[in-house]
Amino acid sequence: RWKVATARWRLCLQDASSQCIQSMRTFVWTLTVLACSATLRPAAGGHITTSRPFLIDSTVADMQWVNSSLKDAKPNAKTVFVRSTLGSIYRSTDDGMNWVSQRDKMASDDDEPYKTRIQQMMFSKADAKYALMKGYSENIWFTKDQGNTYQKHEFGVMMDIKLHARKPDYVLATKFEGSFPDRYLSLFLSVDFGATWKKLVTHVYQFEWADPTVGGFTDKTIFASIRRADAPVKNRLSDWDPNIDFVVSHDFFENQKTVVKHGNRFALHHPYWFVAAMNPQEELEVTLHVSSDKGATFLPAHFPYKLSERSYRVVDSKEGSVFVQVSHGSRDREFANVYMSGSEGRAYTLSLRTVVKDYRGLSDFERINGVDGVYVANVADEQAQPELKLLGGLQAVLFNIHENGMVPTKTQMTFDKGGKWQSLTAPTRDHKGDQIDCDGCSLHLNGKTSGFLGPVYSSASSTGLIMATGNVGHHLHSRQDEVNTYFSRDAGQSWEQIAAGSYIYEFGDHGALMIMANNREATNEIMYSWNEGLNWTKFQFWEHNIEVENIITEPTGTSQIFIVYGRRHDKGALMQLNFETLHERRCAGVNAAGSDTSDYEEWVPADSLREGSCLMGRKVKYTRRKRAVQCFNGWDYDRKTNAYNCPCVRADFECDFGYQVGEESNTCERVPEMPMGMGMPDDCNGYFTVTKGYRKVPGDSCVGGQVASDLEPRIERCPGAKTGMVILLVMSSLTVVFAWFTYVRRKEQGMPDPWNSGSDFVDFIKHGAYGGSDLFMGNMTARYTGLADGADIDDDDFGLGEDDDEAQVLGESLHEYALGVTAVTPAGGHDLISIDSGDSELSLQPPRPPAPAPPLPAMPVPTLAPPPPKK
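Residues numbered from 1 in each chain as written. Predicted model: local features only at pLDDT ≥ 70, side-chain atom pairs only at ≥ 80, totals over all residues. Heavy atoms only, no water.

**Some words on the sheet that holds strand E38 (residues 525-529)**
One open sheet holds the 4 strands; their spatial order is E36-E37-E38-E39, and the pairing between them is antiparallel. Two strands lie at the open edges of the sheet, namely strand E36 (503-508) and strand E39 (537-540), each paired on one side alone. Each adjacent strand pair in this sheet contributes to an overall mean axis angle of 25°, direction not counted. Relative to E39, E38 is paired through 4 bridges, and the arrangement is antiparallel. Looking at E39, one finds that Ile-526 is bridged to Phe-539. (Pairing = 2+ DSSP bridges. Helix = DSSP H or I, 4+ residues; strand = E, 2+ residues; numbered from the N terminus. Axes fitted to C-alpha atoms, helices over the stretch in contact; angles between N-to-C directions.)

Below, the structure written as structure tokens:
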């Protein structure tokens with residue numbers, strides 16, 4: 001282009017006309033602007049495509065990608081729905097480039113505006129083309145083609161609606177019936193996607209479709225909390241009620257079965273079901289019941305303290321265990337304890353105290369996506385002095401500092417799924433490279449309870465990458481001059497400051513592209529980076545400023561297309577940013593990761609508390625793009641991983657039920673005020689375990705090592721296990737021995753063999769046992785007395801020493817046999833006791849009770865291991 005401009009400039013000099021010179025000035029100015037713009041973008045010939053900002057009637061309340069998971073969905077042709085705070089619906093079929101209001105499709109000419117306002121958008125998991133729009137009035141709009149057409153159905157004001165996971169036409173909904181004070185919710189079913197409805201059951205408080213893939217469940221299985229029909233009238237629906245039960249029906253409530261009595265509330269966190277049942281004797285006290293098999297069976301949960309659980313909130317149920325947030329009293333308004341379960345979700349141990357939460361119940365407890373076992377949380381620093389400021393400080397002095405948020409908080413992180421929590425390592429330099437001086441300081445990050453400040457954010461497709469806002473210091477602060485934006489590329493092991501102030505952020509292209517915008521003041525530009533924050537480039541997306549509320553991409557996080565939305569005056573603004581054409585080169589060398597010619601590297605996450613590069617008992621190698629390389633992965637990039645197990649160390653174990661980490665050591669100590677645990681199960685069959693105070697972290701795959709043998713539970717045999725088989729074996733052996741001696745005695749007397757003929761066999765069975773026993777028993781004493789002529793016989797020679805547990809549980813007869821005790825019956829009918837004492841003579845004595853056998857060693861009593869001694 002410069003060559004063309006130079007040639008034209010020379011022609012204009014020869015022409016010397018003002019028109020030519022003016023046109024060349026315009027052409028050169030255009031090229032200059034393009035050249036200057038190119039310096040702001042690291043691409044070789046690329047550019048960012050932006051849409052014209054689309055203004056809607058109010059700010060964005062909800063945004064959902066519909067067909068992002070469809071196999072035939074193209075990278076830049078995905079359907080997106082937006083609901084505004086005023087209830088208007090907008091749809092885009094090209095990833096947010098163009099938007100169309102849906103009001104004309106949904107409203108009739110005579111409809112009042114409020115009747116077309118939408119309260120909730122719901123999309124079917126069974127078929128991505130099915131969706132319904134629940135209005136604020138009695139209207140509901142149904143679509144089977146992703147919004148191309150809608151059908152409106154009126155069936156009263158629906159309170160709650162559930163779509164089936166496998167049958168797209170199945171819909172459950174509740175609505176109010178009856179009159180005050182006996183007003184209740186009834187459950188209705190539609191099998192034709194809202195065209196017709198059928199009442200199933202009344203007095204329903206909560207309901208949910210069951211998983212039809214579970215054994216015994218069908219597409220008609222429904223769980224619900226239902227009030228008993230004979231219960232007295234209750235005016236308030238929000239209170240706990242002892243007359244409500246958690247029930248299940250497999251035939252659309254033709255029949256129903258009570259699963260958990262007094263089960264008022266329940267929640268589904270795949271694959272776990274949780275039911276909160278109230279205590280009829282204490283109205284504000286509830287207990288938790290858990291199912292780890294998708295609702296097939298429910299068992300009560302066990303917590304390590306005898307406290308009244310007032311409320312539960314499941315904060316995470318991934319990786320084969322559950323984290324539950326529990327408030328133990330009405331005073332726990334801003335803090336709650338977090339407990340962690342075993343693999344079955346039943347036995348809970350205290351993982352973290354005083355986790356920060358808000359009035360909605362949301363807590364600052366986050367799982368880091370993309371890696372296993374890494375969590376971050378904000379907790380109260382109860383040892384620090386409260387910050388007393390103005391009215392808040394006055395409230396703290398006059399009332400209670402723990403109830404009004406004046407207790408300083410700090411951030412903790414775990415790399416072994418709650419086994420050990422630690423502070424975050426603070427960066428040593430800021431985003432300008434200047435030294436950060438702060439003795440004894442750590443990094444503290446904002447969570448969901450921090451209002452408009454950017455929370456901790458990670459994506460499953462962006463392995464190891466985390467962005468967050470916070471501050472370096474002794475505690476978490478929200479002062480604007482202290483809040484900065486931070487980034488980690490090793491799952492939180494180390495951090496660096498990338499910008500001053502609070503930003504909102506998003507990952508794209510599997511983490512290769514990072515984009516962020518200031519969310520504390522109006523702006524018209526975003527910042528993006530292709531090298532994970534080493535360099536940032538500013539891009540102006542509009543000539544007007546907007547208050548950016550969020551930057552979002554499709555749910556998989558693999559696209560390079562983003563939607564920025566925010567507020568301009570009283571309107572909402574939507575615009576698309578497309579980075580697909582910014583870079584022309586695609587990353588190469590994924591199969592040779594780590595080599596000089598490859599754009600990829602191998603990264604191994606590790607736990608800082610253990611030696612070696614192991615996390616959750618295994619060493620996992622992730623393939624990801626090198627940081628300094630500027631190329632794109634592509635939406636179809638498949639991340640490669642390799643994993644193998646590590647030897648077990650202390651970090652692979654957590655405290656078992658009834659134990660907690662000591663205040664002055666890293667050992668698990670018995671909780672004094674806790675009952676003795678669950679012990680041996682009532683239906684013990686085969687073996688059961690006895691704890692040593694530790695259990696392997698759920699999901700941990702370490703194998704072997706000395707630590708494993710020291711900490712893993714001890715295995716005990718259930719009392720009576722396999723006793724029937726042992727008795728059968730002993731009886732069979734005695735029968736064979738008896739038959740052999742009978743055969744020998746018959747041979748000595750010249751009797752025929754039993755197999756010579758059928759009559760000989762019958763004679764052996766009929767008379768051989770009788771005659772044989774006479775012959776055998778008649779000379780038994782002599783035979784056993786003869787054993788005394790040799791050396792003394794020790795008990796161990798019979799295989800009945802103390803190490804033989806099988807012999808010890810068989811009873812007295814074997815002890816008598818081991819001691820040479822036999823009972824004989826002489827012709828006179830008197831019992832005589834023959835004891836082989838080692839003498840040559842046979843000692844005959846008058847009748848007397850048989851000598852008692854030596855006592856058997858006591859069976860081990862199944863119980864928890866005793867607590868270690870206190871220092």
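Still to come is the rest of the account.
**What to know about the sheet that holds strand E21 (residues 282-291)**
Taken in spatial order, the 4 strands make up an open sheet running E19-E20-E21-E22, and their pairing is antiparallel. A strand with exactly one partner marks an edge of an open sheet, and here the two such strands are strand E19 (263-269) and strand E22 (299-300). Direction of pairing for E19 relative to strand E20 (residues 272-279): antiparallel, over a ladder of 6 bridges. Its bridge partner being in E20, His-269 is matched across the sheet by Tyr-272.

**Structural notes on the side chain of Ser-317**
Here Ser-317 shows up in the loop between strand E23 (311-316) and strand E24 (323-327). Beyond its immediate chain neighbours, meaning those up to four positions away, Ser-317 contacts His-269, His-270, Tyr-272 and Val-322. (Contact = heavy atoms within 4.5 Å.)

**Let's talk about the state of the cysteines**
The final tally for this structure, using the stated rule, is 5 disulfides. Through a disulfide, Cys-438 is tied to Cys-441; the S-S separation comes to 1.5 Å. Of note, the bridge from Cys-438 to Cys-441 carries an S-S torsion of about -45° and is left-handed in sense. Residue class for Cys-438 comes out partly exposed when judged on its relative accessible area of 33%. For Cys-441, a relative accessible area of 17% corresponds to the buried category. A sulfur-sulfur separation of 2.0 Å characterises the disulfide bridge that pairs Cys-614 with Cys-646. (Disulfide = S-S within 2.5 Å. Buried < 20%, exposed > 50% of the residue type's maximum accessible area, 1.4 Å probe, protein only.)

**Some points on the pairing of strand E25 (residues 335-341)**
Counting buried positions along E25 gives 7 out of 7 residues, so the element sits mostly inside the fold. Every second residue of E25 is oriented toward a common face, with Phe-335, Asn-337, Tyr-339 and Ser-341 on one face and Ala-336, Val-338 and Met-340 on the other, all of them buried. In terms of strand pairing, E24 meets E25 through 4 bridges, oriented antiparallel. By the bridge assignment, Val-324 is partnered in E25 with Tyr-339.

**Regarding the side chain of Ser-190**
You can see Ser-190 is positioned in strand E13 (residues 182-190). In this structure the side chain of Ser-190 is engaged in a polar contact, spanning 2.8 Å, whose partner is the backbone nitrogen of Gly-194. (Polar contact = N/O pair within 3.5 Å; in protein donor to acceptor, adjacent residues only side chain to side chain.)

**What to know about the pattern of salt bridges**
Charged atoms that come close allow side chains of opposite charge to pair. Considering all chains together, one arrives at 24 salt bridges under this definition. Of the charged contacts in the structure, one is a salt bridge between Asp-241 and Arg-227, with a shortest N-O distance of 2.4 Å. Here Arg-227 lies in strand E16 (residues 222-227) and Asp-241 lies in the loop between E16 and strand E17 (244-249), a separation of 14 residues in the sequence. Of the residues examined, Arg-227 reaches a relative accessible area of 8% and is grouped as buried. Across the pair Glu-366 and Lys-448 runs a salt bridge whose closest N-O atoms are separated by 2.5 Å. (Salt bridge = Lys/Arg side-chain N within 4 Å of Asp/Glu carboxyl O.)

**Digging into the environment of Asp-160**
On the secondary structure map, Asp-160 appears in strand E11 (residues 160-163). C-alpha separation for the pair Asp-160 and Leu-185, spaced 25 residues apart in sequence, amounts to 10.0 Å.

**Considering unusual backbone geometry**
For the peptide bond that leads from His-270 to Pro-271, omega is 0°, which places it in the cis range. Residue placement: Pro-271 occurs in the loop between E19 and E20. With a phi close to 60°, Lys-417 is a non-glycine residue in the positive phi region. Checked against the element boundaries, Lys-417 lands in the loop between strand E29 (409-414) and strand E30 (421-423). Phi angles above zero are rare outside glycine, and Ala-491 is one such case at about 60°. Along the chain, Ala-491 falls in the loop between strand E34 (484-488) and strand E35 (496-500).

**Observations concerning the nonpolar core**
Counting 46 residues, the largest nonpolar core has Phe-365, Ile-368, Met-413, Leu-443, Met-467 and Met-516 as its most contacted members. Apart from the residues within four sequence positions on either side, Phe-365 is in contact with Val-315, Phe-323, Val-338, Val-355, Tyr-375, Val-376, Ala-377, Trp-421 and Lys-448. (Core = buried A, V, L, I, M, F, W, Y, C linked by side-chain atoms within 4.5 Å.)

**Brief notes about the pairing of E29**
Regular strands have side chains that alternate between both faces of the sheet. Counted residue by residue, E29 has 5 buried out of 6 residues, so it is predominantly covered. Here strand E28 (residues 375-380) runs beside E29; their pairing, made up of 6 bridges, is antiparallel. The partner of Ala-380 across the bridge, within E29, is Thr-409. Relative to E30, E29 runs antiparallel, the two being bridged by 3 bridges. Bridge pairing in E30 places Thr-414 opposite Trp-421. Counting the residues that bridge the hairpin from E29 to E30 gives 6 residues, and of these Lys-417 lies at a positive phi of roughly 60°.

**Section: the confidence of the model for the protein**
In the predicted model, the protein carries a mean pLDDT of 77, and 72% of its residues have values of at least 70. Under a pLDDT of 50 for its full length, residues 26-45 has, in the predicted model, 26 contacts with residues more than four places off or in other chains. Note that pLDDT drops below 50 for residues 769-871; the model gives that stretch 98 contacts with residues more than four away or on any other chain. (pLDDT = per-residue confidence, 0-100.)

**Points about the packing of aromatic side chains**
On inspection of all chains with the given rule, the structure shows 29 aromatic pairs. Seen in terms of ring centroids, Phe-54 and Tyr-90 are 6.0 Å apart; in terms of plane orientation they differ by 75°. Their pairing is edge-to-face. Linking Phe-54 in strand E2 (residues 54-56) with Tyr-90 in strand E5 (residues 89-92), this pair joins segments that are 36 residues apart in sequence. Residue class for Phe-54 comes out partly exposed when judged on its relative accessible area of 25%. We classify Tyr-90 as buried; its relative accessible area is 8%. (Phe/Tyr/Trp six-rings, centres within 6.5 Å; stacked < 30°, edge-to-face > 60°.)

**Observations concerning the environment of Gly-295**
Tracing the backbone through its elements, the reader meets Gly-295 in the loop between E21 and E22. Taking the C-alpha atoms as reference, Gly-295 lies 9.5 Å from Val-248; in sequence the two are 47 residues apart. Apart from residues no more than four positions distant in its own chain, Gly-295 is found in contact with Phe-217, Phe-223 and Trp-273.

**Digging into the environment of Phe-298**
Take Phe-298: it is sitting in the loop between E21 and E22. For the pair formed by Phe-298 and Val-260, sequence separation is 38 residues and the distance between their alpha carbons is 7.6 Å. Once you skip the residues sitting within four places of it in the chain, Phe-298 turns out to touch Phe-223, Phe-246, Val-259, Val-260, Trp-273, Val-275, His-289, Val-290 and Ser-291.

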